[in-house]
Each structure stands twice: as C-alpha cells, then as structure tokens.
Amino acid sequence: MSKRKHKEYRTAGGMMLAANAKGVKGRNGKRPNLRDTRGDDKLEIDYFRFYESLFRKEVADYQTARAARRDPFNPLTFPMQQLYKDAMLDNHMQGAVENRILRVLNKEIIVKTPEGDIDPKRSATLQKRWFRHIIRKALESKFYGYSMLFINDFVHGDIRGVIDIPRENVIPERGLIVKNAMVANGEHIPFYEFPNHLIYIQLLPDAFGVLERLAPLTIYKRHSWASWDEFEQFYGVPIRIARTSINTKKHKDELQQWLEMMGSGAYGIFDKFTDIEIKENAKTDAYNVFLQKINIINKELSKGISGQTMTMEDGSSQSQANVHLQIYDEITRADIMDVQDWATDSFFPVLRNLGYDLPDGCYLELQETVTIRPEEKIKIDNLLMRNGYKPKRKYIEEFYGTPLEEEQEPEPEPEPKPEPNAGSSDEDEALSFFV
C-alpha cells in the first residue's frame, strides 16, 4: 500500500501548509495539517515573499487592486494588501495608526466574573505577550480589513505563541487560505473548518479596511515630495555652465572631469555660441505649492485615522486641543469595546475548547492603569489611619519603597520592690516577722 503524498507550501511565517488540508483530529478539536518550520535547518522557498512587490505604487495600481479585491466571483487580496503595505511606509500614516493602536494596547487586561468582580487568577492567564499580540492584530483588522493567526505553540494546556498568516494569502469572502496569493482558485485551506487553531479576526462590518480610502492620499503625497525634490535640484543649487570653443573629445572629457570634481550640482558643457535660459518662478515662495499639499494630506490622514488633527499637528488654543482630544477618546473607547466584544464572544469559546478555565459569563475588560502619586497616597493613608485602620508593613514597603525594620514588642518592666523599713511602722515590722 503506497503512502499518500500531499503537496506542501510555506507562508511568510516559515510555516509548512499541507495542501489537502484534511487536518488531524485531536483533543482540542480538528487541527489543520500545519507544521512550524522556522527552526528547521533545511533550505526553504517562501512563496509569498518571492512574489512580494517593491515597486512604487501609483493611482492606476490602486484602481486595479480595488477592482481585483471587489471581484464578486474571484476576489483577490494580494494587490490590495501590497498597496496597504506601501501606504504604511508613510511616516505620518504609520504614526497615526500606531498611536491609535497603542491607546488600546497599553490598557490592563482584566477578566471579570459574571457578577462583575475582577478575577485575578484568570486575568493572569491572559496577561501574556501572545494575547497582547492578538489584541494588536484585532486592532489592525480595522485598517487592513482582517487578520489571521495560527495557534501553533500550545504546551501543557497553555498557549506560548501565535504565528501570523499573511493577509495576502487569505480570502475572507470565501473563507480560504490560498497557496499562491496570485491565484484565487488554486490550492487552499478552508480556515473555518479549524476554528480552534486558525483565528480569523474582523472588527468592521466589511473586510476592506480603513486604508482603502487613505492609501491614495499617500500616493499623491509621494508625488509632491518628488516634485519638490526636482524643484530643489533645478533652483535650490545653481547650475554650472561651461562654454568652450575647443571641439575635441579630449578637451571636453577633461572639462567634464573638472566640473564633477567641483561638487554634486548640475552642470552642462556647451559651445560658446549656445544659449541656455532657465525660467525661474518669479515668486519667492514657490515651494509652498508642494508644502501646502503635503500638509493638507497629513491633516486628511489624521482625520481619517484619529477623527481630528490636533493630537498630531500644532494647535492654536488649549480649548480646541481639549475638544480634539475628546473626539479621539471617543474613538479609543469604541476600539476598546470592539476588542472586548470580539474577545468575549468569539475568542473566549476558543480558549475554553483549548482547556482554559473561563466559565460562561466571564468577559474581558481593558482598564486604564491608575497611577497615584506618593503625596496623594500619603493623604489617603493618613485619613484611613485616623479612622482606626492600620496599614500593613508589606504594603508600605511595596508602594513607598521604604524598607522597615521588624517591630519588636517592648520587654515588660519589672515591678519596683519596696525598700526595707521604708515608711513602715513598728507594728508592720512585727507582722512581717511572723509572716
């Protein structure tokens, strides 16, 4: 009986995927036939990175990618996700997206009981790097449209790490992970058949993402940078013109060598009868054509990501800055609630299937870490002590950082002995004699 061969391919994470995707039945549900090969010493060919495009994207690329992504029969995600990666090379875009993610990621991870009480033990099981990575990918799904993770490192009932599946290889509308990101109908794995290991995250109603409407702005911004650079080359550095009447190759070569040694500015060698005229803009602030366009695009990017501009731009007044910050806080609260709802409704059941002790009714809450300054804490402690409460030694040492000595009970003082014949009468002395 011959062994059945199954084709294999690898994703960008260094993972080997079996093309038949039948999976293996295990204690924690059906597991996809995937194998982590990052520590393997064999030479690997990464199909996805081989096809990754590093060419500069233009508006025509955006239109083509958008049409391929929205194809009702064979949607292709590769061109659009490549366009998103190109857009994220913009510093303003990257900073705005990262700032919005960190406002949620820096919150404290809390698991609460159905009664609303904090469960410290169950909270500690999720206060790990892998869970924060999942929260990051959940937030990124708002910008890229979706995220896909593979729970691979699972030891003794505890998740140790997760692997990112490239978004280019995922087709959400069809529920597939494809082998070749450029072939929508090729070999694939249906990820919905493995809910306990392949984690699909989508926080927005559609799987296109906010970057679909922001990516073209980065293309226009790049055009302005290039035009400004060209303007600088023409008018920022003077052009050197050499005129000669000796029309020999040797002489012109020597003259060109001299001009190259003089600096990096533009130069030209012309016949002395050649007339060169450079039409310079009469306005001294011609650079504002490019600068203002770049500034306006940055404002539009801030509005599209943060809903306002003054948390990343210069403001005019404190009152306006407070209004903009309130708008940003509303967006952050919405992000927090979306992550909490997804984790409680969709991810906690997966963790239960994997053996985590998370009873029905438990829910995730991301809380702001409260920090109290020592001088304020001293006032609170003094108020408690006046009302008869005594703080523990361990609490004082941990919060204030002041080591205290062990409290020693004072030794009882001996009762003073009465001096003999001191203040006693003869009758007393007689009685004491008989006693």
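Parameters at a glance
Residues numbered from 1 in each chain as written. Predicted model: local features only at pLDDT ≥ 70, side-chain atom pairs only at ≥ 80, totals over all residues. Heavy atoms only, no water. Pairing = 2+ DSSP bridges. Helix = DSSP H or I, 4+ residues; strand = E, 2+ residues; numbered from the N terminus. Axes fitted to C-alpha atoms, helices over the stretch in contact; angles between N-to-C directions. Contact = heavy atoms within 4.5 Å. Phe/Tyr/Trp six-rings, centres within 6.5 Å; stacked < 30°, edge-to-face > 60°. Buried < 20%, exposed > 50% of the residue type's maximum accessible area, 1.4 Å probe, protein only. Lys NZ or Arg CZ within 6 Å of the ring centre and 35° of its normal. Expected span 1.5 Å × (residues − 1). Patch = residues over 30% accessible without salt bridge, like charges linked within 9 Å, V, L, I, M, F, W, Y side chains within 5 Å. Areas by Shrake-Rupley, 256 points an atom, 1.4 Å probe, with all protein chains shown as cover. Salt bridge = Lys/Arg side-chain N within 4 Å of Asp/Glu carboxyl O. Core = buried A, V, L, I, M, F, W, Y, C linked by side-chain atoms within 4.5 Å. Parallel < 35°, antiparallel > 145°, perpendicular 65-115°, else oblique. Left-handed = near helix turned anticlockwise from the far one by under 90°. Nonpolar A, V, L, I, M, F, W, Y, C, P; charged D, E, K, R; others polar.

Comments concerning the sheet that holds strand β7 (residues 147-155)
Pairing between sheet strands relies on hydrogen bonds along the backbone, with the strands arranged either parallel or antiparallel. Pairing in this open sheet of 3 strands is antiparallel, and the strands run β8-β7-β12 from one edge to the other. Of all the strands in the sheet, just β8 (158-164) and β12 (198-201) have a single pairing partner and so form its edges. Taking the axes of each pair of neighbouring strands and ignoring which way they run, one obtains an average angle of 35° across the sheet. Across the face of the sheet, helix α6 (residues 129-144) comes into contact with β7, β8 and β12 while running at roughly 35° to β8. Running over the sheet, helix α10 (residues 318-353) touches β7, β8 and β12 and is turned about 175° from β12.

Notes on the packing of aromatic side chains
Inspection of every chain in the model, using the stated rule, returns 12 aromatic pairs. With 5.3 Å between their ring centres and 20° between their planes, F191 and Y200 make a pair best called stacked. Given the relative accessible area of 16%, Y200 is considered buried. Site record: aromatic cluster; members linked through ring pairs are W130, F131, W342, F347 and Y356. Here the guanidinium or amino end of R103 rests over the ring plane of Y328, the centre of that ring lying 4.1 Å away.

Description of helix α11 (residues 374-386)
Along its 13 residues, α11 runs 18 Å from first to last C-alpha, staying within 8% of the 18 Å computed at 1.5 Å per residue. Backbone geometry just downstream of α11 places G388 in the positive-phi region, at approximately 95°.

What to know about the sheet that holds strand β9 (residues 170-171)
What the 3 strands build is an open sheet, ordered β9-β10-β11; its pairing is antiparallel. Across the chains shown, the open sheet's two edge strands, defined by having one partner strand only, are β9 and β11 (188-190).

Quick notes on a nonpolar patch on the surface
Where nonpolar side chains cluster on the molecular surface, the patch consists of I372, I380, L384, Y389 and F399 and spans about 460 Å² of accessible area. Look at L384 and you get partly exposed, because its relative accessible area is 41%.

With respect to the nonpolar core
Counting residues in hydrophobic clusters, the biggest one holds 54 residues, and the most contacted among them are M93, W130, F347 and L351. Apart from residues no more than four positions distant in its own chain, L351 is found in contact with L126, W130, I159, Y356 and L358.

Things to note about the packing of helix α2 (residues 59-69) against helix α3 (residues 78-87)
Close contact between α2 and α3 brings their axes to 7 Å; oriented N to C, the two are set at 135°. The angle between the axes of α2 and α3 places the two elements in the oblique class. For the element pair α2 and α3, the recorded crossing hand is left-handed. Of the residues in α3, those in contact with Y62, A65, R66, A68 and R69 of α2 are P79, M80 and L83. Grouping the constituent residues of the contact of α2 with α3 by class yields 6 nonpolar, no polar and 2 charged.

Side note on the environment of F194
Considering the arrangement of structural elements, one finds F194 in the loop between β11 and β12. What makes F194 buried here is its relative accessible area of 0%.

What about the pairing of β7?
Both β7 and β12 contribute to a ladder of 4 bridges, which runs antiparallel. Note on β12: the bridge partner recorded for S147 is I201. Where β7 meets β8, 6 bridges bridge the pair, whose relative direction is antiparallel. Paired with I151 across the two strands is V162, which belongs to β8.

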